[in-house]
Amino acid sequence: MSTFSSRRQRFRALLSGGRCVHPASVHDPIAARIASDLGFELGMLAGSVASLTVLGAPDIIVLTLSEFADQARRIGRAADLPLLCDADHGYGNALNVMRTTQELEVAGVAGFSIEDTVLPQAHGTGGKAQLTSLEEGVGKMKAALQARVDADLVIAGRTSAPSISGIDDAIRRAKAYQAAGVDAIFLVGVKTRADLDAVAGEIRLPMILGGVSAELMDLDYLSSRGVRVCLQGHQPFAASVQAVYATLKALREGTAPAQLQGVATDALMKQFMRADDYAAWGKGFL
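Cut-off values and rules
Residues numbered from 1 in each chain as written. Predicted model: local features only at pLDDT ≥ 70, side-chain atom pairs only at ≥ 80, totals over all residues. Heavy atoms only, no water. Helix = DSSP H or I, 4+ residues; strand = E, 2+ residues; numbered from the N terminus. Rg over C-alpha atoms; globule rule 2.2 N^0.38 Å. Buried < 20%, exposed > 50% of the residue type's maximum accessible area, 1.4 Å probe, protein only. Contact = heavy atoms within 4.5 Å. Areas by Shrake-Rupley, 256 points an atom, 1.4 Å probe, with all protein chains shown as cover. Salt bridge = Lys/Arg side-chain N within 4 Å of Asp/Glu carboxyl O. Pairing = 2+ DSSP bridges. Right-handed = clockwise from strand over helix to strand, strands pointing away. Phe/Tyr/Trp six-rings, centres within 6.5 Å; stacked < 30°, edge-to-face > 60°. Axes fitted to C-alpha atoms, helices over the stretch in contact; angles between N-to-C directions. Parallel < 35°, antiparallel > 145°, perpendicular 65-115°, else oblique. Left-handed = near helix turned anticlockwise from the far one by under 90°.

### Re the overall build of the protein
Logical step 1: Helix and strand content of the protein: 13 helices and eight strands.
Logical step 2: A globule of 286 residues ought to have a C-alpha radius of gyration of about 19 Å, and the protein, at 20 Å, matches this closely.
Logical step 3: A principal-axis box enclosing the C-alpha atoms of the protein has dimensions of 60 × 45 × 40 Å.
Logical step 4: Considering the protein as a whole, with its 286 residues, one finds that 47% of them fall into the buried category.
Logical step 5: Here the contacts in the protein between residues at least 6 apart in sequence split such that 68% fall between residues at least 24 apart.
Logical step 6: If you sum the accessible surface of the protein, you get close to 13800 Å²; carbon and sulfur atoms cover 55% of it.

### Quick notes on the pattern of salt bridges
Logical step 1: The final tally for this structure, using the stated rule, is 18 salt bridges.
Logical step 2: Note that Arg19 is salt-bridged to Asp220, the shortest N-O span being 2.8 Å. With Arg19 in the loop between helix H1 (4–16) and strand E1 (24–25) and Asp220 in helix H10 (residues 219–224), this residue pair connects regions lying 201 residues apart in the sequence.
Logical step 3: For Arg19, a relative accessible area of 44% puts it in the partly exposed group.
Logical step 4: The network of salt bridges with shared partners includes Asp116, Asp169, Arg172 and Arg173.

### Considering the environment of Cys20
Logical step 1: Position of Cys20 relative to the elements: it lies in the loop between H1 and E1.
Logical step 2: Residues Cys20 and Ala258, spaced 238 residues apart in sequence, show a C-alpha to C-alpha distance of 43 Å.
Logical step 3: If sequence neighbours within four positions are ignored, Cys20 has contacts with Leu219, Leu222, Ser223, Val227, Arg228, Val229 and Cys230.

### Side note on the pairing of strand E4 (residues 111–115)
Logical step 1: Among the five residues that make up E4, five are buried, leaving the element largely enclosed by the rest of the structure.
Logical step 2: Neither face of E4 is left uncovered, since the one carrying Gly111, Ser113 and Glu115 and the one carrying Phe112 and Ile114 both have all their residues buried.
Logical step 3: Here strand E3 (residues 83–86) pairs with E4 via three bridges, running parallel. Looking across to E4, one finds that Cys85 is bridged to Phe112.
Logical step 4: Considered for its hand, the β-α-β crossover made up of E3, helix H5 (residues 94–107) and E4 is right-handed.
Logical step 5: Summarising the sheet, E4 and strand E5 (residues 154–159) pair through five bridges and their orientation is parallel. Within the sheet, the bridge partner assigned to Phe112 lies in E5 and is Ile155.
Logical step 6: The handedness of the E4 to E5 crossover, carried by helix H6 (residues 134–147), is right-handed.

### Structural notes on the packing of aromatic side chains
Logical step 1: If you walk through the whole model with that rule in mind, you get two aromatic pairs.
Logical step 2: Between Phe68 and Tyr91, the aromatic rings sit 6.3 Å apart at their centres with planes inclined by 40°, giving tilted as the arrangement. Of this pair, Phe68 sits in helix H4 (residues 65–78) while Tyr91 is found in the loop between E3 and H5, placing the two residues 23 residues apart along the sequence.
Logical step 3: On the accessibility criterion, Phe68 (0% relative accessible area) is buried.

### Observations concerning the sheet that holds E1
Logical step 1: If you walk across this open sheet you meet the eight strands as E1-E2-E3-E4-E5-E6-E7-E8, and the pairing is parallel. Sheet topology places E1 and strand E8 (227–230) at the edges, where each strand pairs with a single neighbour.
Logical step 2: By the bridge criterion, three bridges tie strand E7 (residues 207–210) to E8 in an arrangement that is parallel. Across the sheet, residue Ile208 finds its bridge partner in E8, namely Val229.

### Looking at the packing of helix H2 (residues 29–37) against H4
Logical step 1: Running from amino to carboxyl end, H2 crosses H4 at an angle of 40°, the nearest separation of the two axes being 8 Å. Between H2 and H4, the interaxial angle falls into the category oblique. Of the two possible hands of crossing, H2 and H4 adopt the one that is right-handed. Contacts between H2 and H4 involve Pro29, Ala32 and Arg33 from the first element and Arg74, Ile75 and Ala78 from the second.

Nothing here speaks to function; it is all geometry.
Here is the structure:
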C-alpha cells in the first residue's frame, strides 16, 4: 500500500503525461478495490455518488463535508488507488473551501475540484443552475491553494460554464483559475470538438472533462487536446443498485438463494475483502 504522497505523485504524473484516461467511478472501499485490481489508474468519487451512498439522497448538497471526507477516507484506506474527488463548491464560501481543503488532504485524496456553481440552489431559481461571479470563483481557488499543505495534492478549478453561460465564459473562467494557480481545469458540459478546440487553444493546464457528448469520447483526440482525465459517468453505482434490487425482489418473490443470478462467487468475495491478508495477519499476530 503506497503512501498518500505517492498516490498524489502518481496522479500528477498522469496529468503531466501524454494520454487521457477514464477514471473508475467508485463509491465505497470494495468498489475501489475492484477498480484497483482491474488496473484503473485513477478513482473518482463524485459528490452525487457520495450523497447516494451515504444518505440515499439526490445531488442537492444535503451531504456534509465531514460525511464526504469520511467516505473518501474509507475508500483511500482500502485501496492503493489515487482518488480524485468532486468537492462541489467547497461546502460554502472561500473560508469553507479552506476547511474543505484541510479535511480532504488529511483524508488522503490525490486531488479534488472546486466548482463555481451557486450551491445549494437558492429560493426562486426554479432548479436552474447558476454560476457565482468570476471574482468569487477566483477567491475560492486562491483559498484552496492557501490552505494546502502537501504541494503534491492536486487542486482543480471546475466550471459548468460550457453548459450554462457558454464556451466563451468557460474560457474566461478557466484562464482566471489558471492564473490563480490551480493545477488543472475541470470543465463540465463541453459537447463539441469545436468548443474543446477553442478551450485547448487558450489553456496550458491539463484538463479534466465531465458530462461530455459521444462526439468527444475518443481518447486519442482528447489526449491531443490536453485532456488527461475524462469521466464516463457513474454507472457502477447504478449497476449496484440494480443488482441489489433484482436480488431482493427475487428473494421476496420466492426464488431460492441457490437459484439467484449475478451473485459474486465466494472466491471473488474473498478477493475483494482481502481474506488472505487477514488470514495471514491473524496467523502472524494472534
